[in-house]
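Coordinates in review
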Amino acid sequence: MDKLYWLDQIKLQDRAKVGDKAFYLSKFLQKGYPVVPGFVVSADVWRQFLETLNSSESLVADLPYSSLHLDVANWQQLQQVAGRLRQEIISATVPQHWVSTIFQAAQTWEKKCLILRPTLAVSAATQVIGNISGLLESVFCPCDQEAIAQALKQAWSQLFRARSLLYWQNVGINLQQINLAVLVQPVENAIASGLFNANTLSADIEATWGLGVAITNGEVLPDVYYIQDKTEVVRERHLGNKILAYRVHDPASVAVGESASKSVLMIDNNCLLAYLLGEEQQKQYALPEELLTEVIVLGNQLVRELGTKLTMKWTIAQETSSTKLYITQVSAPSSAIPGSYFIKGIGAARGRVRATAYVISSQPKPAQIPQGVILIASAITPDWLPLLHDVAGIITEQGGLTSHAAILSRELGIPAIVNAINATNLIQTGERLLLDGDRGEVYRSRGDGGVGEIGRWGDRKVEEERKVISSPPSLPPSHSQSMIATQLLVNLSQPSLISKVQVLPVDGVGLLRSELMILNILDGQNPHAWLLNGRHTELLELWSEQIMQFAGAFAPRPIFYRSLDWRSQDLPSLNDNRQSSAESILGEHGTLSYLRNPAVFELELAALAAVQKRGYSNVHLILPFVRTVEEFVFCRRKVEQAGLTQNTHFQLWMMAEVPSVLFLLPEYIKAGVAGISIGTNDLTQLILGVDREQGQLGSVFDERHPAVMGAIAQLIKIAREAGIPCSICGQAPASYPEIIDKLVEWGITSISVEPEAVERTYRAIARAEQRLILAAARKQLGN
């Protein structure tokens, strides 16, 4: 057991470890609501405990990983299995250092009694989980080590009751999906306890004397107060039938004969004491007016924040010289509770936006998408780009940080989430959503604002928010004055973004993605179709005009134009029915496709030559996905035939993304390569054997892997020794700024990132260079 999770310190990423009940209470406590303090024994501890069970029973032996697919129709078998499992847990030993840790933490409250409350989270559940309060009950125990250990096992074992196993199997959830934690809180004597119930029409309060156990057990008929909607006015009240109450048992009182008193009914776990109420007290309402008003005010406050449908459990503790109203639990639609997302994916592009959902269930590209919506689709291919300029947000079921949806959304400055499993089924068109691209979370929204309203983060409209995301970062004066030696470049493709990006502190465009740039001019047709239809001159003019927009805006800063690099499955709507490897993660993209059909590549070279003739000498060419030296030589000859090399400023580079470049780079340099740009997206997927489009493999697709970092270091070293520049343009530096230290140390010439990452990359480069200078100075002083 590594640690306990205190309610006032629980973070969003802890939710699966602490369970929903504790997570929600922590949100209320951290927002200033009166919540009984506590800490959580996490679900990891529960699983570790199950792993320690040494049993010959196969069901018990692999409990943490068992799905327990039982024949729930066989009630006798179900009871036997449940009893065996629970007995195994109850008879096991909880490690002493766990118990000591819990006991020492609980002692800080200086209370005699504790309540252990099961709190669970269900991972990857697409089903609606109903009210499970009857499946898992709270356990009370004295604050001593032996009692804590027994109560902990009792709380854990409840998951294996017959009715619990039956419920989870009926809703299609197995044990591997359940994270069971235990919330530990102190128990104080209470003047009264009860519930505040709110719905769309009215609210009411239930109350009884003492602790709320009597209501939970159904042993009393509580007082009921009916509240006028959204006011503090009690319009009606009914006296309940309250015969008994519960309070904390004080063993010291035994000395004066308390346990022998006729009013004492029982002592529960040597912690709680049930006692009869006197006749006079039974005739009284449990809540005096001032305390009733406190409960109403607190309940109405929650209604204003969470909506009209909720239940709040409360208790009024008798403290030394005063009373204190506490929340013990809140039940509300999960979308209403702060921090309670209903879909979790990978945050692919930063920003938060509230808007209406627009779901595309079928994969083919739609003809149009309404303006200002949050688009939900299974996946997005590059040919969707012209449709995305006016959407407010993007959610896809597939893809990772380097997928097409992620790349497109980052460049357009649209908040986006990828790998949101089952999103097209869980979301319906017309729903109001809150998309948090920073955290990768989707919430159902209660906001009534217009399309694009920004939830609790402000009241700006989508276009204003998009401007904030895409606008040039204002670097603090200290960074603006800290010049950097490593060139900082930007990845770009859309002419519409030039005016915003050209004023950034960048040294040029390190990656002009031609395949995305030309989608704006193709009118939904494959470029091969333009050529076959005799529209060569028209396409050449449009193509060269697109390039000239970038060349003119950034001159004299360099533009590194990467020639077309797409696979047929990337652009299904532009498919020209030529033979291709549609199911392959590689396909016939890159320079291999130029050998098979050089017509479009030749047109690209003609467009670059036209740009040169217009007086722009700052545009250079990068060849994509080069597999062999022979492919490079073929392309170099085409470049020479187009007359591009007649301009002495022109440079022919290649992407270093196919692992063979690690062995062939000296040969490429001999063949005429003037520089390389390391594409970490493809290089990582090919070295690690992981499809970058598969978001569920995100933990494996890691550019920081030693094999990938070793490859990058080797490429930089060879380039330096050969005297050619080496850039890096994949997602790695933006996702993991910490690797920039290594890149600068190894001697990278330039780093090219998305516009949204320019500010933090600039700072990371400045810090890395300053550290190198300091280290060199110290070394000099040491000599």
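What you are looking at is a predicted structure, and each value in this text was computed from that prediction instead of being measured. (Residues numbered from 1 in each chain as written. Predicted model: local features only at pLDDT ≥ 70, side-chain atom pairs only at ≥ 80, totals over all residues. Heavy atoms only, no water.)

1. Description of the state of the cysteines
Our working rule: Here, the term disulfide refers to a pair of cysteine sulfur atoms separated by no more than 2.5 Å. Under the DSSP-based scheme used, a helix requires at least four consecutive residues in state H or I and a strand at least two consecutive residues in state E, with every element numbered from the N terminus.
Here the structure, examined in full by the defined rule, presents one disulfide. Between Cys 113 and Cys 271 runs a disulfide, and the two sulfur atoms are separated by 1.7 Å. Every disulfide takes its handedness from the sign of the S-S torsion; for Cys 113 and Cys 271 that torsion is 130°, giving right-handed. Placement of Cys 113 in strand E3 (residues 113–122) and of Cys 271 in the loop between strand E11 (264–268) and strand E12 (272–276) is noted, with a sequence separation of 158 residues between them.

2. Some thoughts on the sheet that holds strand E19 (residues 393–396)
What counts here: Strands pair, by our definition, only if DSSP identifies at least two bridges between them. It only takes one pair of heavy atoms within 4.5 Å for two residues to be counted as in contact. Angular values range over 0 to 180 degrees, each being the angle between N-to-C directions of two axes fitted as lines to C-alpha atoms, with helices fitted over their stretch in contact.
Ordered by their spatial adjacency, eight strands build an open sheet running E15-E22-E21-E17-E18-E19-E20-E16, and the pairing between neighbours is mixed. Each edge of the open sheet is held by one strand with a lone partner, namely strand E15 (343–344) and strand E16 (346–349). As judged from the two bridges shared by E15 and strand E22 (residues 441–444), these two strands associate in the antiparallel manner. Opposite Lys 344, over in E22, you have Glu 441 as the bridge partner. Contacts between helix H12 (residues 404–412) and the sheet are confined to E16, E19 and strand E20 (416–418), with E16 contributing the most and set at about 45° to the helix.

3. Points about the side chain of Ser 727
Tracing the backbone shows Ser 727 in strand E29 (residues 726–728). Not counting the four nearest positions on each side in its chain, Ser 727 is found in contact with Leu 489, Trp 653, Ile 676, Ser 677, Ile 678, Ile 748, Ser 750 and Ile 751.

4. Examining the packing of helix H24 (residues 680–688) against helix H25 (residues 706–722)
What counts, and what does not: The cut-offs work like this: below 35 degrees is roughly parallel, past 145 is roughly antiparallel, 65 to 115 is roughly perpendicular, and the gaps in between are oblique. Take the far helix as the reference: if the near one is turned anticlockwise from it by less than a right angle, the crossing is left-handed, and if turned clockwise, right-handed. All residues other than Ala, Val, Leu, Ile, Met, Phe, Trp, Tyr, Cys, Pro, Asp, Glu, Lys and Arg, Gly among them, are scored as polar; the first ten of these are nonpolar and the last four charged.
Between H24 and H25, whose axes approach to 10 Å, the crossing angle comes to 125°. Regarding the angle of H24 to H25, the classification is oblique. The handedness of the crossing between H24 and H25 comes out as right-handed. Across the interface between the two elements, Thr 680, Leu 683, Thr 684, Ile 687 and Leu 688 from H24 touch Ala 707, Val 708, Ala 711, Ile 712 and Leu 715 from H25. Along the lines of polarity and charge, the residues of the contact of H24 with H25 split into eight nonpolar, two polar and no charged.

5. Details of the packing of aromatic side chains
Filter applied, for reference: Stacked, tilted and edge-to-face pairs are distinguished by plane angle, under 30 degrees for stacked and over 60 for edge-to-face with tilted covering the rest, among Phe, Tyr and Trp rings (Trp via its six-membered ring) whose centres lie within 6.5 Å. Distance and angle both matter: a charge sits over a ring if NZ of Lys or CZ of Arg is within 6 Å of the ring centre and within 35 degrees of the ring normal.
Under the counting rule described, the total for this entry stands at 11 aromatic pairs. An aromatic cluster is defined as three or more aromatic residues linked by ring pairs; in this entry it consists of Trp 6, Phe 39 and Trp 109. Positioned over the ring face of Tyr 275 is Arg 247, at 5.1 Å from the centre of the ring. Directly above the aromatic system of Tyr 736 lies the positively charged group of Arg 704, at a separation of 3.8 Å from the ring centroid.

6. Describing the nonpolar core
This is how the line gets drawn: Definition used in this section: a nonpolar core is a set of buried Ala, Val, Leu, Ile, Met, Phe, Trp, Tyr and Cys residues joined via side-chain atoms within 4.5 Å. Accessibility here uses a 1.4 Å probe with only protein chains present; expressed as a share of the type maximum, an area under 20% marks a residue as buried, one over 50% as exposed, and anything in between as partly exposed.
Membership of the largest hydrophobic core comes to 88 residues, with the highest contact counts inside it found for Trp 543 and Ile 676. Residues within four places of Ile 676 in sequence aside, it is in contact with Trp 653, Met 654, Ala 656, Leu 665, Leu 715, Ala 719, Ile 724, Pro 725, Cys 726 and Ser 727. Of all hydrophobic cores here, the second largest spans 50 residues; its members include Trp 46, Ala 82, Cys 141 and Ile 178.

7. A short note on the sheet that holds strand E9 (residues 234–238)
Spatially, the six strands line up as an open sheet ordered E9-E8-E7-E6-E13-E14, and their pairing is antiparallel. Looking at the sheet topology across the chains shown, the edges are occupied by E9 and strand E14 (323–331). Geometrically, the sheet is characterised by an average inter-axis angle of 20° between neighbouring strands, direction not taken into account. As paired elements, strand E6 (residues 190–198) and strand E7 (residues 203–209) share seven bridges and run antiparallel to each other. The residue of E7 that forms the bridge with Phe 196 is Ile 205. Sheet strands touched by helix H10 (residues 289–306): E6, E7, strand E8 (223–227), E9, strand E13 (310–318) and E14. Its angle to E13, the strand with the most contacts, is close to 145°.

8. Overview of helix H21 (residues 599–613)
Inclusion rule: The span you would expect from a helix comes to 1.5 Å times its residue count less one.
Taking 1.5 Å of rise per residue, 15 residues should cover 21 Å, and H21 covers 21 Å from first to last C-alpha, within 8% of that figure. Taken together, the buried positions of H21 are Val 600, Phe 601, Leu 603, Glu 604, Leu 605, Ala 607, Leu 608, Ala 609, Val 611 and Gln 612. The first or second residue beyond H21 is Gly 615, which carries a positive phi of 100°.

9. Digging into the packing of H21 against helix H22 (residues 629–641)
Contact geometry of H21 with H22 gives a least axis separation of 9 Å together with a crossing angle of 45°. On the basis of the axis angle, H21 is oblique to H22. Crossing angle aside, the handedness with which H21 passes H22 is right-handed. Packed against H21, whose contacting residues are Phe 601, Glu 602 and Leu 605, the element H22 presents Cys 635, Lys 638 and Val 639 at the interface. Grouping the amino acids of the contact of H21 with H22 by side-chain chemistry returns four nonpolar, no polar and two charged.

10. Observations concerning helix H28 (residues 758–782)
Between the first and last C-alpha of H28 there are 36 Å, a value that for 25 residues agrees with the 36 Å anticipated at 1.5 Å per step. For H28, every residue scored as buried is listed here: Val 758, Thr 761, Tyr 762, Ala 764, Ile 765, Ala 766, Ala 768 and Glu 769.

11. Description of the confidence of the model for the protein chain
Our working definition: Scored from 0 to 100, pLDDT reflects the predictor's confidence in each residue.
Considering every residue of the protein chain, the mean pLDDT works out to 84; 84% of them sit at 70 or more. Segment residues 58–62 is flagged for pLDDT under 50; beyond a separation of four residues in sequence, or across chains, it makes 10 contacts in the model. For residues 447–481, every residue scores under 50 in pLDDT, and the model assigns this stretch 71 contacts once sequence neighbours within four places are set aside.

12. Topic: the pattern of salt bridges
Keep this limit in mind: Basic side-chain nitrogens of Lys or Arg form a salt bridge, by our definition, when they fall within 4 Å of a carboxyl oxygen of Asp or Glu.
The tally for this structure, following the rule as stated, stands at 24 salt bridges. Note that Lys 31 and Glu 305 form a salt bridge whose closest N and O atoms lie 3.1 Å from each other. Of this pair, Lys 31 sits in the loop between helix H1 (15–30) and strand E2 (39–41) while Glu 305 sits in helix H10, placing them 274 residues apart in sequence. The partner of Glu 602 in a salt bridge is Lys 638, and the shortest N-O contact between them spans 2.5 Å. Within this pair, whereas Glu 602 is found in helix H21, its partner Lys 638 is found in helix H22, the two being separated by 36 residues in sequence. You can call Lys 638 buried: its relative accessible area is 16%. Through salt bridges with shared partners, a single network forms among Glu 137, Arg 161 and Arg 163.

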